[in-house]
There are 2 protein chains.
Amino acid sequence: MAVQIRKLDSTAPDFQQILSNLLAFEAETDDAIESAVAKILADVKQRGDAAVLEYTNKFDRVGAAGIAAFDLKQEELQAALAALPEAQRAALRTAAERIRVFHERQKQELNGFTYTEADGTVLGQRVTPLDRVGIYVPGGKAAYPSSVLMNAIPAQVAGVKEIVMVVPTPDGVKNQMVLAAAAIAGVTRVITIGGAQAVGALAYGTGTIPPVDKIVGPGNAYVAAAKRRVFGTVGIDMIAGPSEILVLCDGTTDPDWVAMDLFSQAEHDELAQAILLCPDAAYIAMVEASIHKLLPDMPRRATIEASLGGRGALVKVRDMDEACAIANAIAAEHLEISAEHPQQWADKIRHAGAMFLGRFSSESLGDYCCGPNHVLPTSRTARFSSPLGVYDFQKRSSIINVSEAGAQTLGRVAAELAYGEGLQAHARSAELRLKPSA
Amino acid sequence: MAVQIRKLDSTAPDFQQILSNLLAFEAETDDAIESAVAKILADVKQRGDAAVLEYTNKFDRVGAAGIAAFDLKQEELQAALAALPEAQRAALRTAAERIRVFHERQKQELNGFTYTEADGTVLGQRVTPLDRVGIYVPGGKAAYPSSVLMNAIPAQVAGVKEIVMVVPTPDGVKNQMVLAAAAIAGVTRVITIGGAQAVGALAYGTGTIPPVDKIVGPGNAYVAAAKRRVFGTVGIDMIAGPSEILVLCDGTTDPDWVAMDLFSQAEHDELAQAILLCPDAAYIAMVEASIHKLLPDMPRRATIEASLGGRGALVKVRDMDEACAIANAIAAEHLEISAEHPQQWADKIRHAGAMFLGRFSSESLGDYCCGPNHVLPTSRTARFSSPLGVYDFQKRSSIINVSEAGAQTLGRVAAELAYGEGLQAHARSAELRLKPSA
């Protein structure tokens, strides 16, 4: 077969360096994109709806007479849902329901707290939802209804009142499954705009589009650049890098299954990364044979070949313990532990976006309908960040209610430290609350 | 008096516009700083310790012979603690203990979860600490020991094993109170470097400094630019804007107290913002009189005058309900509700970094020793972000363990949706787990 997937051995002296090179991915900053995006954002900030209308008519080749034409009515979303084939509609509903159950569980965990000290001082933390969020959904071929569910449902569960979805419709073509997903997920408004102009409209607001507090969802390089630029004015989710799967296998899973799991990541994108770690050389050869056997039948074969050939690897490791150590260094977005008694290995994993345990837990199940979110930290960012969740649509406020008695003891401590830092007004502000006789 | 603080009335027709202009703050992007920082980061990434040594010797005017000279021994930190005046040491210890108690409470809230479905499928979320974090502490005059406590203790409570603090020592001068705070807060290593070179060293690692997973802590424009640039390679905290206080007062608090609370924010920085909202014009006049009376005695008078004159305001509102509505639009970093029965107004607040309830809860108490964090979202970002907390040093991983029975039902749903999205390998990966007879 055409695909050449590299085979590595962890005992090779240059293994660390080769692995490190293989994992390296730096998003290029394209000056042309940056300056185009800066110009569009400034224009949308300045001219609002007029700018959004012009850019949308130009880039998406739609001949809208006014900005109102981009607003989809709820009836159109409901009609899209009603028109889906029954099996598809049922699958969307099942997926949405399961995603909702998982994220409701997430919400239960974060309730805030207060506690009262002996002198009556009350301290605590309050958790509240964001008021209004924007969800970016790509148009055209990469329009994924599952992504609508995964972004909108956590916001809705968090209690966000307004969920504004933007989705471009190049040449006026609307993806009916995406609209159906919006209807199921509780999106409150759908606007058929996209690109940097849509990000600008959501961040700054226009005459007809209110400014949101946070923008989430995937997009192309223009959208990513625009999100980076409006960060601070609004919150954003992580800028995602190429998707990754890391499979740890003890050699007991059907090699066809593992090969197909690697494909399922590789078919996303030529830059996607699929890596297998296994202590059994004979098993790795079987997976390789499965790859060659199964590849010719895959419709997205060219993408899979480019991805596996360019960034994939089959790695022979010393043992599963070493596989876990390497997995911690990789901090993969998706980690499959395809093994007997997977929990023993899961216990050794410190960094992963999502862990798929046991041979029946294929990543594809998680991508669509297990319940946990499929928006996950890429490019080793699982070392410090989390799956998209309800918590991304909530924020915390500290509560401080100091009693008169509390102000006497805390005031002395604060004043001492404030004088030490040379902040005398801080010290005086604390001291004014002290009783003169105390 | 010299200070001219603007007085506004919420019933004025142009009030919204004036308020909006007053709140507007855009961090300038300085091209000279950007390019200097880009060069330093690239150099540190390339040459490691040698570059860090050169930049530190140059910018901080220290004549270190080698990189090892920048490492402070734990004994030096303990000696700094032992040498503090007793009152200062006790105050630092009390503050640290109270901060620890509050953040331990935060940690209890986030435990992760798992649940098992009827078919044996297990779903869940695991919460784990970051491995290693870097804390940036400014050197020179703005070196605040309280900031060391507020950044390091949440990391330690989260379970972070290695807490690496960097603090520049311009001209070799070490702030003993900062070193003492590091000793108390459980910092595992202190390196006397700063600027973009320190950020680069923490993000990329050098021969002697291991790369961290996240960098937190305040810094000057070079540090902020460097943090923005390394974001993605490591996590960062929010880039803070100027500090703000918003006081809602019903007119029942001693006006001297409110004036001093406004000063305590204004003394930070000429760009700091202090605003009072009150329904009582006579009371506002009293606060203004207090401002004029108290200002001459303040050592940081010039800064206070510039801040109050440039960005401060005393605002007459219709009533406390309107004050709450305006407070939600401002989404202040610090919100004091200095009123009788403050909870009734607190219940109407949706957005604030920290809420200080009742007249004894001066912001200065929270800045030092109440327990909640003093690193708070600025510039209206409290609409979508939270105080620094234990959760900033933890991340979540999803757990998916699908049973054989679960794979049968979930596999059909996933395959249906995957085919709908044109991702056939995803569909096949799910279908391979289906029993042939099923």
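- Chain A carries the name Histidinol dehydrogenase in an unreviewed UniProt entry, which gives Massilia terrae as its organism.
- What UniProt records for chain A under Pathway (unreviewed entry) is the sentence "Amino-acid biosynthesis; L-histidine biosynthesis; L-histidine from 5-phospho-alpha-D-ribose 1-diphosphate: step 9/9."

Concerning the interface of chain B and chain A
Many structure descriptions define interface size as the accessible area lost when the parts assemble.
Stage number 1. Contact with chain B, which involves 113 residues of that partner, is made by 113 residues of chain A.
Stage number 2. Buried area between chain B and chain A, summed over both chains or domains, comes out near 10200 Å², and the portion from carbon and sulfur atoms is 58%.
Stage number 3. When residues of chain B are sorted by the area they lose upon contact with chain A, Glu 109, Tyr 368 and Arg 433 of chain B head the list and together hold 8% of the total.
Stage number 4. Linking chain B with chain A are eight salt bridges.
Stage number 5. We note a salt bridge from Arg 433 of chain B to Asp 261 of chain A, for which the minimum N-O separation is 2.7 Å.
Stage number 6. At the boundary of chain B and chain A, one finds 72 residue pairs in polar contact (both at pLDDT 80 or more).
Stage number 7. When residues of the side of chain B that touches chain A are assigned to their parent elements, the largest contribution, 12 residues, is made by helix H5 (residues 86-109) of chain B.
Stage number 8. Taken together, the residues of the side of chain B that touches chain A break down into 54 nonpolar, 33 polar and 26 charged.
Stage number 9. Relative to strand S14 (residues 354-357) of chain B, strand S15 (residues 394-401) of chain A is paired through three bridges, and the arrangement is parallel. Looking at the pairing, Ser 398 of chain A lines up with Ala 354 of chain B of S14 of chain B.

Comments concerning the UniProt feature "active site" (unreviewed entry) in chain A
Residues and elements named next belong to chain A.
Stage number 1. Residues annotated by UniProt as "active site" (unreviewed entry) correspond here to Glu 333 and His 334.
Stage number 2. Its place among the elements puts Glu 333 in the loop between helix H13 (320-330) and strand S13 (334-338).
Stage number 3. Under the relative-accessibility criterion, Glu 333 is labelled buried at 5%.
Stage number 4. With residues near it in sequence (within four places) discarded, Glu 333 still touches Pro 242, Ser 243, Glu 244, Gly 353, Ala 354, His 374, Leu 376, Pro 377 and Thr 378.
Stage number 5. A distance of 2.8 Å separates a polar side-chain atom of Glu 333 from the backbone nitrogen of Glu 244.

With respect to the sheet that holds strand S13 (residues 334-338) of chain B
Stage number 1. Pairing is mixed in the open sheet, where nine strands are placed in the order S3(A)-S4(A)-S15(A)-S14(B)-S13(B)-S10(B)-S11(B)-S12(B)-S1(B). One side of each edge strand has no neighbouring strand; the edge strands of this open sheet are strand S3 (113-116) of chain A together with strand S1 (6-9) of chain B. If you compare each strand with its neighbour and ignore which way they point, the axes differ by 20 degrees on average.

Digging into the packing of helix H16 (residues 404-420) of chain A against helix H17 (residues 424-431) of chain A
Two quantities define a packed helix pair, namely the angle between the helix axes and the distance between the axes.
Residue and element names in this part refer to chain A.
Stage number 1. Relative orientation of the contacting elements H16 and H17 amounts to 165 degrees, with a least axis distance of 8 Å. Looking at the two axes, H16 sits roughly antiparallel to H17. Along this stretch, H16 crosses H17, giving a crossing that reads as left-handed. Residues Gly 411, Ala 414, Ala 415, Ala 418 and Tyr 419 of H16 form the contact with H17, whose own contacting residues are Gln 424, His 426, Ala 427, Arg 428, Ala 430 and Glu 431.
Stage number 2. Among the residues making up the contact of H16 with H17, the classes are represented as six nonpolar, three polar and two charged.

Focus on the pattern of salt bridges
Stage number 1. This structure, assessed with the given rule, holds 44 salt bridges over all chains.
Stage number 2. For the salt bridge of Glu 267 of chain B with Arg 300 of chain B, the shortest nitrogen-to-oxygen distance reads 4.0 Å. Here Glu 267 of chain B, found in the loop between helix H10 (255-266) and strand S11 (273-278), pairs with Arg 300 of chain B, found in the loop between helix H11 (281-294) and helix H12 (301-311); they are 33 residues apart in sequence, far enough to count as distant.
Stage number 3. Several salt bridges converge on common partners, so that one network encompasses Asp 43, Arg 47 and Glu 54 of chain A.

Points about the domain arrangement of chain A
Stage number 1. Once the domains are mapped, chain A shows domain 1 (6-20 + 241-383), domain 2 (48-113 + 130-236) and domain 3 (402-431).
Stage number 2. On a C-alpha basis, the centroid separation for the pair domain 2 of chain A and domain 3 of chain A is 48 Å.

Re the UniProt feature "binding site: substrate" (unreviewed entry) in chain A
Residues and elements named next belong to chain A.
Stage number 1. The positions UniProt marks with the feature "binding site: substrate" (unreviewed entry) are Ser 243, Gln 265, His 268, His 334, Asp 367, Glu 421 and His 426. These annotated residues cover 184 residues of sequence, and their C-alpha atoms reach 55.5 Å apart at the extreme, placing them across more than a single site.
Stage number 2. Inspection of the secondary structure assignment puts Gln 265 in helix H10 (residues 255-266).
Stage number 3. A residue is classified by how much of its surface remains accessible, and Gln 265, at 0% relative accessible area, is buried.
Stage number 4. Among all residues touching Gln 265, those that are not within four sequence positions of it are Ser 243, Glu 244, Ile 245, Ala 272, Gln 273, Ala 274, His 334 and Glu 363.
Stage number 5. Summarising the element assignment, His 334 is placed in strand S13.

With respect to the sheet that holds strand S14 (residues 354-357) of chain A
Stage number 1. The mixed open sheet is built from nine strands, whose spatial order is S1(A)-S12(A)-S11(A)-S10(A)-S13(A)-S14(A)-S15(B)-S4(B)-S3(B). The open sheet has two edge strands with one neighbour each: strand S1 (6-9) of chain A together with strand S3 (113-116) of chain B. Each strand axis lies, on average, 20 degrees off the axis of its neighbour in the sheet, ignoring direction.
Stage number 2. Sheet analysis places strand S10 (residues 244-249) of chain A next to strand S11 (residues 273-278) of chain A, joined by five bridges and oriented parallel. Residue pairing in the sheet places Leu 248 of chain A in a bridge with Leu 277 of chain A of S11 of chain A.
Stage number 3. Strand contacts of helix H11 (residues 281-294) of chain A: S1, S10, S11 and strand S12 (313-316) of chain A, with the helix running at about 165 degrees to S12 of chain A, the strand carrying the most contacts.

Criteria and cut-off values
Residues numbered from 1 in each chain as written. Chains lettered and ligands numbered in written order. Predicted model: local features only at pLDDT ≥ 70, side-chain atom pairs only at ≥ 80, totals over all residues. Heavy atoms only, no water. UniProt positions renumbered as here; feature names shortened; annotations may be inferred. Contact = heavy atoms within 4.5 Å. Buried area = accessible area lost by both parts, 1.4 Å probe. Salt bridge = Lys/Arg side-chain N within 4 Å of Asp/Glu carboxyl O. Polar contact = N/O pair within 3.5 Å; in protein donor to acceptor, adjacent residues only side chain to side chain. Helix = DSSP H or I, 4+ residues; strand = E, 2+ residues; numbered from the N terminus. Nonpolar A, V, L, I, M, F, W, Y, C, P; charged D, E, K, R; others polar. Pairing = 2+ DSSP bridges. Buried < 20%, exposed > 50% of the residue type's maximum accessible area, 1.4 Å probe, protein only. Axes fitted to C-alpha atoms, helices over the stretch in contact; angles between N-to-C directions. Parallel < 35°, antiparallel > 145°, perpendicular 65-115°, else oblique. Left-handed = near helix turned anticlockwise from the far one by under 90°. Domains from an automatic or database assignment.

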